[in-house]
Amino acid sequence: MGTHNQVGYRGSQKKLLNLKEQTYLIIANHKTMSRSSIKKSLIVILGPTASGKSELAVKLARKFNGEVVSADSRQVYKGMDIGTGKITKKEMQGIPHYLLNVASPKRRFTVVQYRKLALKAIDKIFKKNKIPILCGGSGFYIQAVVDGIFLPEVRPDWRLRKELEKKTAEELFAQLKKLDPQRAKTIEPKNKRRLIRALEIVKKIGRVPILEKKPLPYPVLMIGIKKEKKELSSLIRERLLKRLRKGMIAEVKKLRKSGLSWKRLEEFGLEYRWVARFLQKKLSYQEMLEKLQKETEHFAKRQLTWFKSDERIHWIKTYEEAKNLVKNFLLGRVGGEKPSVSCHISAK
RNA sequence: GCCGCGGUAGCUCAGUGGUAGAGCAUAUAGCUGAAAACUAUAGGGGCGUGAGUUCGAUUCUCACCCGCGGCA
């Protein structure tokens, strides 16, 4: 858990905020919300899968002169469209979208790359005097941008990882404990993937540095789409059937043909994992449907677990609510009871 | 009707003469360069029914009930 609080951020941010608020007040007074006077700020749309994030983002972008930056760890890949529910040209309604199709599925894309590209995109949008809308369901990616997590400059070493993969979690944990007891204290002792990464860092730079965070220097409004569990489950079902009708299985076949291994498809999870298993005749069509439904519901639950602890998020049910939030946010008086910006960890 | 196999957690099944386990499901949580990935925690069972053997039976014996397969 985040025990290492950076109280320092709070203070400096507050100062920043006050300055901003004043600016906004002036704008509000003059009732001149013209493009050129909009100050830097970021809107984040998040929520569980199938909750309707993309649509909301486009609507808000049209209303408030914004552009969308995707925060989806799978939509960054080219050729993965139907299975990831990537927005279509038509659905974009002329609103530019960034961070879609920026990577080849043959290579592994990571948060660090995402963060760099996303910040670049956001900057580009600011230069056009527009409002960036970060939209997606990958909590880690959103956090990387908004809280500015700084991960150690150690690139993945796949050869080393393959070596370490052979060991058991117990062995890896023991090794880490010896080399970096500090990190060993907080790591999940049975999570091989994390243990391997930690050792990778240790072997390169001695120890895993304490996580650094540098929140964005401008206000952020986080909006979460709230859905009842039952409704979400039926949304997932409908969407799944729609994807199949649109040719999701053919898409996976095509990816396979383009040279992706079954193992790689497995890694993508959900639609790609289960369609791949179906294509390998490891289960029936019906079983695939059932599995996919369940797994997607689980995924949605995991997403909510991730977002739940973040008190900055304003949970909404309708477009109207979102619209009002954004309006007030841009006027500098967003939800008085809730700080629009606060340090993620200190909120815990 | 006869023969065989089976009846254990919501489901699929392990298992033992000293009152039970796994996977999945359900609920909950974590997350330091794979995050749709990866990892963990919890609840839940008169072991088909009745009798017998035994200090003790879910485990052995018998009868019965139910399911599946074969023979008639």
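Use the structure listed above.
Residues numbered from 1 in each chain as written. Chains lettered and ligands numbered in written order. Predicted model: local features only at pLDDT ≥ 70, side-chain atom pairs only at ≥ 80, totals over all residues. Heavy atoms only, no water.

Draft legend 1. Local environment of the overall build of chain A. Of regular secondary structure, chain A possesses 15 helices and 8 strands. A buried classification covers 47% of the 348 residues belonging to chain A. The long-range fraction of contacts in chain A, counting pairs at least 24 apart against all pairs at least 6 apart in sequence, stands at 76%. For chain A, the accessible area works out to roughly 19500 Å², and carbon and sulfur atoms hold 54% of it. (Helix = DSSP H or I, 4+ residues; strand = E, 2+ residues; numbered from the N terminus. Buried < 20%, exposed > 50% of the residue type's maximum accessible area, 1.4 Å probe, protein only. Contact = heavy atoms within 4.5 Å. Areas by Shrake-Rupley, 256 points an atom, 1.4 Å probe, with all protein chains shown as cover.)

Draft legend 2. Structural detail: the pairing of strand β4 (residues 131–135). In terms of burial, β4 is largely enclosed, as 5 of its 5 residues are buried. Of the two faces of β4, the one carrying I131, I133 and C135 and the one carrying P132 and L134 are both buried.

Draft legend 3. Just the sheet that holds strand β2 (residues 66–70), in detail. On the basis of which strands lie adjacent, the open sheet formed by 6 strands has the order β3-β2-β4-β1-β7-β8 and parallel pairing. Where the open sheet ends on each side, the last strands, each with one partner, are β3 (97–98) and β8 (314–316). Sheet analysis places strand β1 (residues 42–46) next to β4, joined by 3 bridges and oriented parallel. Within β4, the position partnered with I45 by the bridge is C135. (Pairing = 2+ DSSP bridges.)

Draft legend 4. Summary view of the protein's contact with RNA strand B. What surrounds RNA strand B is a group of 47 residues, the closest being S73, R194, K229, F268 and K294. Sugar and phosphate atoms represent 59% of those atoms of RNA strand B found within 4 Å of the protein. P152 is positioned with one of its backbone polar atoms (N or O) 2.5 Å from a base nitrogen of RNA strand B. Take F268: an N or O atom from its main chain is 2.3 Å from a sugar or linking oxygen of RNA strand B. Those elements giving two or more residues to the surface near RNA strand B turn out to be α4 (111–127), α5 (139–146), α6 (158–165), α9 (192–205), α12 (262–268), α13 (270–279) and α14 (285–308). Top element by residues in the surface near RNA strand B is α14. It accounts for 8 residues. (Near = heavy atom within 4 Å. Polar contact = N/O pair within 3.5 Å; in protein donor to acceptor, adjacent residues only side chain to side chain.)

Draft legend 5. Main features of the pattern of salt bridges. Summed over all chains, the structure comprises 20 salt bridges. With its nearest N and O atoms 2.2 Å apart, the salt bridge here joins E266 to R277. Taken together, the residues span a long stretch of sequence, with E266 in helix α12 and R277 in helix α13 at a distance of 11 residues. When the shortest N-O distance is used, the salt bridge between E297 and K294 registers 3.9 Å. (Salt bridge = Lys/Arg side-chain N within 4 Å of Asp/Glu carboxyl O.)

Draft legend 6. Molecular detail of the nonpolar core. Counting 50 residues, the largest nonpolar core has L42, V44, V69, Y114, L134 and I142 as its most contacted members. Sort the elements by how many residues they give to this core and α4 lands first, with 7 residues. The contacts of L42, once residues within four sequence positions are left out, are I122, P132, L134, V146, L216, Y218, P219, V220, L221 and F329. Core analysis: the second largest hydrophobic core is formed by 25 residues, L60, V68, M92 and L100 among them. (Core = buried A, V, L, I, M, F, W, Y, C linked by side-chain atoms within 4.5 Å.)

Draft legend 7. The pairing of β2, seen in detail. Buried residues dominate β2, accounting for 5 of its 5 residues. Going residue by residue along β2, you find G66, V68 and S70 tucked away on one face and E67 and V69 tucked away on the opposite face as well. One ladder, built from 5 bridges, connects β2 with β4; its direction is parallel. When the bridges of β4 are listed, G66 appears paired with I131.

Draft legend 8. Structural detail: unusual backbone geometry. The backbone phi angle of A50 is positive, close to 70°, even though this residue is not glycine. By secondary structure assignment, the location of A50 is in the loop between β1 and α2 (53–64). Classification of A50 as buried rests on a relative accessible area of 16%. Phi is positive for N101, which is not a glycine, with a value near 55°. You can call N101 partly exposed: its relative accessible area is 34%.

Draft legend 9. View of the packing of aromatic side chains. As enumerated under the stated definition, the model contains 7 aromatic pairs in all. Note on Y77 and F109: the rings are 6.5 Å apart at their centroids and 75° apart in plane angle, and the pair reads as edge-to-face. One end of the pair, Y77, is in the loop between β2 and α3 (89–92); the other, F109, is in the loop between β3 and α4, and 32 residues separate them in sequence. Judged by relative accessible area, which is 10%, F109 ranks as buried. Following the ring pairs from residue to residue traces out a cluster consisting of Y77, F109, F268 and Y272. The cationic tip of K59 hangs over the ring face of Y319; the distance from NZ or CZ to the ring centre is 4.7 Å. (Phe/Tyr/Trp six-rings, centres within 6.5 Å; stacked < 30°, edge-to-face > 60°. Lys NZ or Arg CZ within 6 Å of the ring centre and 35° of its normal.)

Draft legend 10. View of the packing of α4 against α5. Following both chains from N to C, one finds α4 and α5 inclined at 55°, their axes separated by 9 Å at the closest point. Here α4 lies oblique to α5, going by the angle between them. For the element pair α4 and α5, the recorded crossing hand is right-handed. For the pair α4 and α5, the contacting residues are V111, Y114, R115, A118, L119 and I122 in the first and F140, Y141, A144 and V145 in the second. Classifying every residue of the contact of α4 with α5 by side-chain character gives 9 nonpolar, no polar and 1 charged. (Axes fitted to C-alpha atoms, helices over the stretch in contact; angles between N-to-C directions. Parallel < 35°, antiparallel > 145°, perpendicular 65-115°, else oblique. Left-handed = near helix turned anticlockwise from the far one by under 90°. Nonpolar A, V, L, I, M, F, W, Y, C, P; charged D, E, K, R; others polar.)

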